[in-house]
Amino acid sequence: MRVSIDSDLCIGSGQCALTAPAVFDSDDDGFGLVRPGSEDGRGDPMVKEAVRACPVQAIAFAEE
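The structure reproduced in this document is the subject of the present report.

Cut-offs and rules
- Residues numbered from 1 in each chain as written.
- Predicted model: local features only at pLDDT ≥ 70, side-chain atom pairs only at ≥ 80, totals over all residues.
- Heavy atoms only, no water.
- Core = buried A, V, L, I, M, F, W, Y, C linked by side-chain atoms within 4.5 Å.
- Buried < 20%, exposed > 50% of the residue type's maximum accessible area, 1.4 Å probe, protein only.
- Helix = DSSP H or I, 4+ residues; strand = E, 2+ residues; numbered from the N terminus.
- Contact = heavy atoms within 4.5 Å.
- Pairing = 2+ DSSP bridges.
- Lys, Arg positive; Asp, Glu negative; His and termini not counted.
- Salt bridge = Lys/Arg side-chain N within 4 Å of Asp/Glu carboxyl O.
- Polar contact = N/O pair within 3.5 Å; in protein donor to acceptor, adjacent residues only side chain to side chain.

1. What about the nonpolar core?
Move 1: Ranked by size, the top nonpolar core spans 15 residues in total, and within it V3, I5, C16, F24, V34, A50 and I59 carry the most contacts.
Move 2: Contributing elements (two or more residues each) for this core: strand 1 (2-5), helix 1 (15-19) and helix 2 (46-53).
Move 3: Considering each element in turn, this core owes the most residues, three residues, to helix 2.
Move 4: Among residues more than four places away in sequence, those in contact with V3 are F24, V34, E39, G41, V47, I59, A60 and F61.

2. A look at the pairing of strand 1
Move 1: Only one face of strand 1 is buried, namely the one carrying V3 and I5, since none of R2 and S4 on the opposite face is buried.
Move 2: Pairing analysis gives four bridges linking strand 1 to strand 4 (residues 59-62), with the strands arranged antiparallel. Bridging from a neighbouring strand, R2 pairs with A62 of strand 4.

3. Observations regarding the side chain of D44
Move 1: Its location among the elements puts D44 in the loop between strand 3 (32-34) and helix 2.
Move 2: With no salt bridge to any partner, buried D44 finds its closest opposite charge in R42, at an N-O distance of 7.6 Å.
Move 3: Polar side-chain contacts of D44 include one of 2.8 Å to the backbone nitrogen of M46.
Move 4: Excluding anything up to four places from it in sequence, D44 contacts A20, A22 and V23.

And the structure:
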């Protein structure tokens, strides 16, 4: 799985970091980011829930 956040779409709601904190975090401005080294989703089952929880659908993942 490959996880990414479209920074042009992200509004900083924080739902990703709340749902899957091992994979997502917030930058200094409050916008979502994928934690370094977590681009593979770390096998976290909550990543898919974070994708669904994002209010602007800024999170994308592709299963490899």
